[in-house]
Amino acid sequence: MSKKIGVYICECGTNISDRIDIDSLIEEISSLEDVGVAKKYGLLCSPAGKKYLAEDIKKEELTHLVIGACSPREHEQTFMKVCLEAGLNPYLFQMVNIREQCAWMISDKEAATRLAIKYIRAGIKRVALHKSLEKIELESNPDVLVIGGGIAGIEASLSLAGPERKIYLVEKTDALGGMTNKFAQLLPHQGANLSIVKDKIEQVNNNEHIEVFTSTAVEDIHGFLGNFEISVTNQEKDSEKKEFKAGAVVVAIGFGLYDPKETPAFGYGDVENVINALEFETMISSGKIVLKNGKPPASVALIHCVGRKEKGYCSKTCCLYSIKFARYLKDKLPNVDVSEFYQDLCLPDKSDQNYFEEAKKKGIHFIQSDEIEIKDINDRIKVKYKSAEGKKEELSVDMAILAPAMVPSQDTPKMAEMLNLPLDETGFFKEAHEMLNPVATPIEGVFVVGCALGPKNIPDSIVQSQAAAGKILSTLIPGKKLEPEVKTAEIREEFCTGCQTCLSVCFYGVISFDEHKGISIVNEAICRGCGSCVGSCPSGAIKIKHFTYPQLYREVLEALR
Amino acid sequence: MKKQNVLIIGAGVAGMEASQLLTEAGHKVYLVEKESLIGGQTIKFEEVYPNMECSTCMVSPKQQEILQNENIELLLLSEVKEVNGTAGEFKVKVKKKASYVSLANCIGCGACYEPCPVSLDNNFEEGLSKMKAIAVPCAGALPNVPAIDAENCLHLNGKKKECQACKEACMFDAIDFSEKDETLDLEVSAIIVATGFDMLDLKKLSQYGYNQKDNVYTALEFERLYAENGPTEGKLILRDGETPKTIGIIHCAGREEQGYCSAVCCMYSTKFSHFLKHKVPEAKIKEFHSDLCIPGKSHQKFYQEALKKEIEFIRCRNIQDISVEKKNGSLQVNYQNGNIEKNTFKANMIIVAPAMLPGKDTKNLAETLGLSLDEKGFFATKSNELSPIATDVEGIFVAGCAEGPKDIPDSIAQAEAAVGKVVNLSQGKINE
């Protein structure tokens, strides 16, 4: 079929017509090959303009369309819709920005017109090479795999489970609850007590739409948004293997703690009665605050920021839980002398400062300090430090409680490899966008929440779980088909040498290697069409639909003519 | 799923995120915004920490999505006046002020600004520049459609009835003086409150010598001063015409008075230093702080990089004791460092980071919605829940800084969490 390209120039009121000689532009381009009609119109984006355009596309039986107007960011979508209404495939349309890039840029009308002619020619030559692209639809599974049965994983499961959505909650240990199982009490603004967590665990266990796998490891995850295939093995029952499918994955594998032994100055494991925060939680649970000799301590030092320097970040939660410990100690042992050794008090939540002020009123000492060193001197703990005034000072205490940095869970690297997820320089998972997309990852359909993303407190972890749930509930709707990106990458088998360079540059992990054929394969269902692979391919075997080399070459050639 | 209507109050990052996501879930959204543009506070920032990303470039695609989304009905210059009913069937009255400019006809060419004879303080620009009674407050405002300030427009306030300068300049017949304020009746199943924050008025804290005349700037003023689309187009020109050479940045203004830390000031103050050092490499910068609050895995590195650039961080004994005075025509910061020595620092520019406060309309809105406030004046959330999203009124949720000071990603996470709760509620599932 022969081509008939329609070219329409928008006057944009007088925004374009004042600065570009539209009549001579039309004269210049109307004789170009395949151009059937070339016209101008007052304001194409107005209701009347759109109607005119749709009717003209039909009347003139156009095969391709070029519009010279404003920025495509402004009205490309508008005119693509007009194409659809007029029965023209919207990808057979090219928008050329002669307002921002010509009319508004150049005050000399003749120069602006010359440039606009070049750009319109480029659009015409390009559009002649356009191909129809069709949207495809994919079936998708609404079920969700949640990895990690801590508070974040529990919350994600409860928020997502429903009659039309089954949740597979996989926990590697034999119980749900994660780190909260080790806590004796929560902070006041995190709800009154741990019974909230126990209630939630019970809700999970009683929810017919949640299948809980404890003592279970995720062995393999394959697939893409809407269509993941998962296999897990039970670590107890003779490695019993189970396989199931899910449409999305929520990674909630939590955190680990910095081992204070890595910094010998803290005396951990060396000096008696120097314990870490989790050991003190256990002590609170037992109800007995005692030293190794069975006696209660008369003085306690709380050491903040253990491992902060080494890890290079603040763990956010330690200041507040150390204050929680101090207050607990004061309540249990009214005569105990408690000193908090901190670098910077980090109290960012709106209720934190009150909590701290109350602690000060209870007579807890807060000592801004640095260069902490804990020594055993005559069976007593000596805390040496540099004070705020820069002086070397020391304090003898019976017990020291260390607040170690929160570090990535030991399972993080393995999980990252399995799901093709990037890690950041601290070793935690990396967000799809640190500012705007905090719980998503570059892999569509895979979310990371809670401390797996970085140190945070329980409310923030729960918000993130609910955020991932919000995204999944809104986008992975039972019965609704997925519409993948249309402008995807395509690999021409005959040119692919199997070097696999493209695999390493694909941020979204959509390219795999076919060992049998010895070539790379793009999963078009999840390709976002970013084009990184195209640029990286040394043999030019990859093209992006709608941005092929011939299309770009002709466009650039005309623009530079 | 049944298509339901949801009301979102506030079109900042949190409100925009919630709106967009809810339409993906199949809901129709009424997005109520009191200003004539969307984007909230984030569009005032030139760059955001910790990656020094261009904020407008980051947010404008989101704004465009909102404007092009057919399932979002954007109600600008609007305020929620009355709410009745319960979850699933709230009846809402929204007062929509006339803008006198047709969103459909206006193409944003700006031809009407110039002829307008009225010049006003530009509040969006923190009063650092003037604007006409018809104009968008900054380049790149979205929607790129001006509104007429009815109080100051000579035609509308009757001071010069015959003035039609803007109407005459408009080629698109977009100006309609006959437009009236309207009251809209909406029926919605759920409400998300994302009204954001305001900043403490520095004039209330006399020790900083803030008078809008000397080179003492609030954080938001400085954000606009260094914005490429701001009053000086990004040129660092101070009120006295000088460029910044010696700069003091004071943290925690109003922290003690308000009784909480605002969570973001340490980081954005450090951002200012990074920016200033980049623009004026020879600048001498001192940051006066109490405890540095830089939680978050990437934040400490941002601070350490500032140290490498020889930006001096001074821990002050008592942040409340810091004062700014004008001595022999130049500004001076009086402070006490860790050694309790009284010290001074002569500066030709001072930036002060004031506490984040609940939005001005919070109290009224809380009354309208039947919500309670916490002791700091932010919206209170259900006390027996671990996450601060659901309020005591079923079907009403809070997201972003309306709930308390926080950064952009935390606000967005709360918005997404609120969406999850709305979707569950619409399906008859009440979590927790």
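Residues numbered from 1 in each chain as written. Chains lettered and ligands numbered in written order. Predicted model: local features only at pLDDT ≥ 70, side-chain atom pairs only at ≥ 80, totals over all residues.

**Q** What am I meant to see in the overall build of chain B here?
**A** Counting its regular elements, chain B contains nine helices and 24 strands. A compact globule built from 432 residues would reach a C-alpha radius of gyration of about 22 Å, and chain B, at 23 Å, matches this within 12%. Taking the principal axes of the C-alpha coordinates as reference, chain B spans close to 65 × 60 × 35 Å. Residues classed as buried in chain B amount to 53% of the 432 residues present. Counted over contacts in chain B with a minimum sequence separation of 6, partners at least 24 positions apart contribute 67%. (Helix = DSSP H or I, 4+ residues; strand = E, 2+ residues; numbered from the N terminus. Rg over C-alpha atoms; globule rule 2.2 N^0.38 Å. Buried ≥ 20, exposed ≤ 12 C-beta atoms within 10 Å, placed from the backbone. Contact = placed C-beta atoms within 7 Å.)

**Q** I keep staring at the overall build of chain A and nothing clicks. Help me out?
**A** A tally of helices and strands in chain A yields 16 helices and 25 strands. For chain A, whose C-alpha radius of gyration is 32 Å, the value lies well above the compact-globule estimate of 24 Å for 561 residues. For chain A, the spread of C-alpha atoms along the principal axes amounts to about 100 × 60 × 45 Å. Across the 561 residues that make up chain A, the buried fraction comes to 48%. Across chain A, every contact between residues at least 6 apart in sequence was considered, and the portion connecting residues at least 24 apart equals 70%.

**Q** Got a minute to help me understand the packing of helix α5 (residues 109-127) of chain A against helix α16 (residues 549-560) of chain A in this structure?
**A** If you want to describe how two helices pack, look at the angle between their axes and the distance between the axes. Residue and element names in this part refer to chain A. Where α5 contacts α16, the axes come no closer than 8 Å and their chain directions differ by 160 degrees. With respect to α16, the axis of α5 lies roughly antiparallel. The chirality of how α5 crosses α16 is right-handed. On the side of α5, the interface is formed by Lys118, Tyr119, Arg121, Ala122, Lys125 and Arg126, while α16 contributes Gln551, Arg554, Glu555, Glu558 and Ala559. (Axes fitted to C-alpha atoms, helices over the stretch in contact; angles between N-to-C directions. Parallel < 35°, antiparallel > 145°, perpendicular 65-115°, else oblique. Left-handed = near helix turned anticlockwise from the far one by under 90°.)

**Q** Can you help me understand the sheet that holds strand β15 (residues 216-218) of chain B in this one?
**A** Picture the strands of a sheet paired through backbone hydrogen bonds; they go either parallel or antiparallel. Residue and element names in this part refer to chain B. Spatially, the five strands line up as an open sheet ordered β15-β22-β16-β17-β18, and their pairing is parallel. At either margin of the open sheet sits one strand with a lone partner, and together these are β15 and β18 (312-315). Shown here is a sheet whose adjacent strand axes are inclined to one another by a mean of 20 degrees, direction ignored. Sheet analysis places strand β16 (residues 246-253) next to strand β17 (residues 284-289), joined by five bridges and oriented parallel. Bridged to Thr246 within β17 is Lys284. Seen against the sheet, helix α6 (residues 265-279) touches β16, β17 and β22 (349-354) and runs at an angle of roughly 170 degrees to β16. (Pairing = 2+ DSSP bridges.)

**Q** Help me understand the domain arrangement of chain B, please; the structure alone is not making it clear to me.
**A** Accessible area lost on assembly of the parts is the figure often given for the size of an interface. All names here are of chain B. Considered domain by domain, chain B is made up of domain 1 (5-97 + 181-196 + 359-426) and domain 2 (200-355). Placing a centre on the C-alpha atoms of domain 1 and another on those of domain 2 gives a separation of 31 Å. Listed as interface residues are 12 residues of domain 1 and, on the opposing side, 22 residues of domain 2. (Domains from an automatic or database assignment.)

**Q** Looking at this model, I keep getting lost on the domain arrangement of chain A. Mind explaining?
**A** The domain boundaries assigned to chain A delineate domain 1 (5-133), domain 2 (144-254 + 409-475), domain 3 (260-402) and domain 4 (489-545). Averaged C-alpha coordinates put domain 1 of chain A and domain 2 of chain A at centres separated by 50 Å.

**Q** In this structure, what is going on with the sheet that holds strand β3 (residues 64-69) of chain A? I would like to understand it.
**A** Residues and elements named next belong to chain A. In space, the four strands of this open sheet follow the order β2-β1-β3-β4, with parallel pairing throughout. Strands with a single pairing partner mark the edges of an open sheet, and in this sheet they are β2 (35-41) and β4 (93-97). Going from strand to strand, the sheet's axes swing by 15 degrees on average, the running direction of each strand aside. Here β3 pairs with β4 via five bridges, running parallel. Pairing of Ala69 across the sheet is with Asn97, part of β4.

**Q** What's the story with unusual backbone geometry in this structure? I'm lost.
**A** Leaving glycine out, the prevailing phi sign among residues is negative, and the prevailing peptide bond configuration is trans. Residues and elements named next belong to chain B. Residue Tyr49 is joined to Pro50 through a cis peptide bond whose omega torsion reads -5 degrees. With respect to the element layout, Pro50 can be found in the loop between β3 (47-48) and β4 (53-54). Backbone torsion omega between Leu142 and Pro143 reads -5 degrees, so that peptide bond is classified as cis. At Tyr100, a position not held by glycine, the phi torsion is positive, near 65 degrees. When you line up the elements, Tyr100 lands in the loop between β7 (89-96) and β8 (119-121). Look at Glu126: it is not a glycine, yet its phi comes out positive at around 55 degrees. Inspection of the secondary structure puts Glu126 in the loop between β8 and β9 (130-132).

**Q** Where do I start with the environment of Arg561 of chain A in this structure?
**A** Residues and elements named next belong to chain A. Inspection of the secondary structure assignment puts Arg561 in the segment after α16. A residue is classified by how many C-beta atoms lie within 10 Å of it, and Arg561, with 10 of them, is exposed. For the pair formed by Arg561 and Tyr119, sequence separation is 442 residues and the distance between their alpha carbons is 9.9 Å.

**Q** Help me understand the interface of chain B and chain A, please; the structure alone is not making it clear to me.
**A** Counting residues at the interface gives 55 residues for chain B and 53 residues for chain A. Contributions of two or more residues to the side of chain B that touches chain A are made by α1 (13-24), α2 (55-68), α7 (299-308) and α9 (408-426) of chain B. Looking at which element gives the most residues to the side of chain B that touches chain A, the answer is α9 of chain B, with 13 residues. Split by residue class, the side of chain B that touches chain A holds 28 nonpolar, 17 polar and 10 charged. (Nonpolar A, V, L, I, M, F, W, Y, C, P; charged D, E, K, R; others polar.)

**Q** Help me understand the confidence of the model for chain B in this model?
**A** Predicted coordinates in areas of low pLDDT are best not read in detail. Overall, the predicted model of chain B reaches an average pLDDT of 94, with 99% of residues at or above 70. If you check the scores for this complex, the pTM reads 0.92 and the ipTM reads 0.95. (pLDDT = per-residue confidence, 0-100.)

**Q** Help me understand the nonpolar core, please; the structure alone is not making it clear to me.
**A** One recurring pattern in soluble globular proteins: nonpolar side chains tend to sit buried together. Judged by nonpolar contacts, the single largest core of 311 residues is most densely connected at Val250 and Val251 of chain A. Residue contacts for Val251 of chain A: discarding those within four places in its chain leaves Ile147, Gly148, Met415, Phe429, Val446, Phe447, Val448 and Ala452 of chain A. (Core = buried A, V, L, I, M, F, W, Y, C linked by C-beta atoms within 7 Å.)

**Q** Looking at this model, I keep getting lost on α6 of chain B. Mind explaining?
**A** Since the α-helix advances by 3.6 residues per turn, residues separated by three or four positions end up pointing in the same direction. All names here are of chain B. Between its first and last C-alpha, α6 extends 21 Å over 15 residues, near the 21 Å set by a 1.5 Å rise per residue. Of all the 15 residues making up α6, 11 are buried; the element is thus mostly covered by neighbouring parts of the structure. Among the residues of α6, those classed as buried are Cys265, Cys266, Met267, Tyr268, Ser269, Thr270, Lys271, Phe272, Ser273, His274 and Leu276. Contacts from the buried residues of α6 go to β3, α4 (219-225), β16, β17, α7 and β22. (Expected span 1.5 Å × (residues − 1).)

**Q** Any chance you could explain the pairing of strand β2 (residues 28-32) of chain B here in plain terms?
**A** Walk down a regular strand and you will see the side chains alternate between the two sheet faces. All names here are of chain B. The buried count for β2 comes to four of five residues, which makes it a mostly enclosed element. Taken together, strand β1 (residues 5-9), α1 and β2 constitute a β-α-β crossover, and its handedness is right-handed. For β2 and strand β5 (residues 72-75), the ladder comprises four bridges, and the chain directions are parallel. What sits directly across from Val29, in β5, is Ile72. (Right-handed = clockwise from strand over helix to strand, strands pointing away.)

**Q** I would appreciate a short explanation of helix α8 (residues 277-286) of chain A in the present structure.
**A** All names here are of chain A. Every buried residue of α8 is listed here: Ala277, Phe280 and Glu281. Summarising the axial view, the buried residues of α8 lie within an arc of 105 degrees, below the 170-degree limit, and thus occupy one face. The outward face of α8, more than 90 degrees from its buried face, is lined by the exposed residues Thr282 and Ser286. Downstream of α8 by a residue or two, Gly287 has a phi angle that is positive, lying close to 80 degrees. (Arc of directions from axis to C-beta.)

**Q** Before we go on, may I ask you to explain the pairing of β16 of chain B in this structure?
**A** Residue and element names in this part refer to chain B. In terms of residue burial, β16 counts as a mostly covered element, since seven of its eight residues are buried. In the sheet, β16 pairs with β22 via five bridges, with the strands oriented parallel. Following the sheet pairing, Ile249 is matched in β22 by Ile351.

**Q** Got a minute to help me understand the packing of helix α6 (residues 151-160) of chain A against helix α7 (residues 195-206) of chain A in this structure?
**A** All names here are of chain A. At a minimum axis separation of 10 Å, α6 and α7 run at an interaxial angle of 50 degrees. One element, α6, and the other, α7, form an angle in the oblique class. Every pair of crossing elements has a handedness; the one defined by α6 and α7 is left-handed. Taken together, the residues of α7 that come into contact with α6 (itself represented by Ile151, Ile154, Ser157 and Leu158) are Val197, Lys200, Ile201, Gln203 and Val204. Here the contact of α6 with α7 is built from residues that sort into six nonpolar, two polar and one charged.

**Q** Whenever I open this one, the environment of Ile237 of chain B confuses me. Can you help?
**A** Along the chain, the position of Ile237 of chain B falls in the loop between α4 and β16. With near-sequence residues (within four places) excluded, Ile237 of chain B lies in contact with Thr232 and Thr243 of chain B.

**Q** For this particular structure, what's the right way to read the environment of Ala452 of chain A?
**A** Residue and element names in this part refer to chain A. Position of Ala452 among the secondary structure elements: in the loop between β21 (446-448) and α13 (458-475). Look at Ala452 and you get buried, because 28 C-beta atoms sit within 10 Å. The sequence separation of Ala452 and Gly256 amounts to 196 residues, and the corresponding C-alpha distance is 9.4 Å. If near-sequence neighbours (up to four positions away) are discounted, Ala452 is found in contact with Val251, Ala252, Ile253, Gly254, Ser409, Thr412, Phe428 and Phe429.

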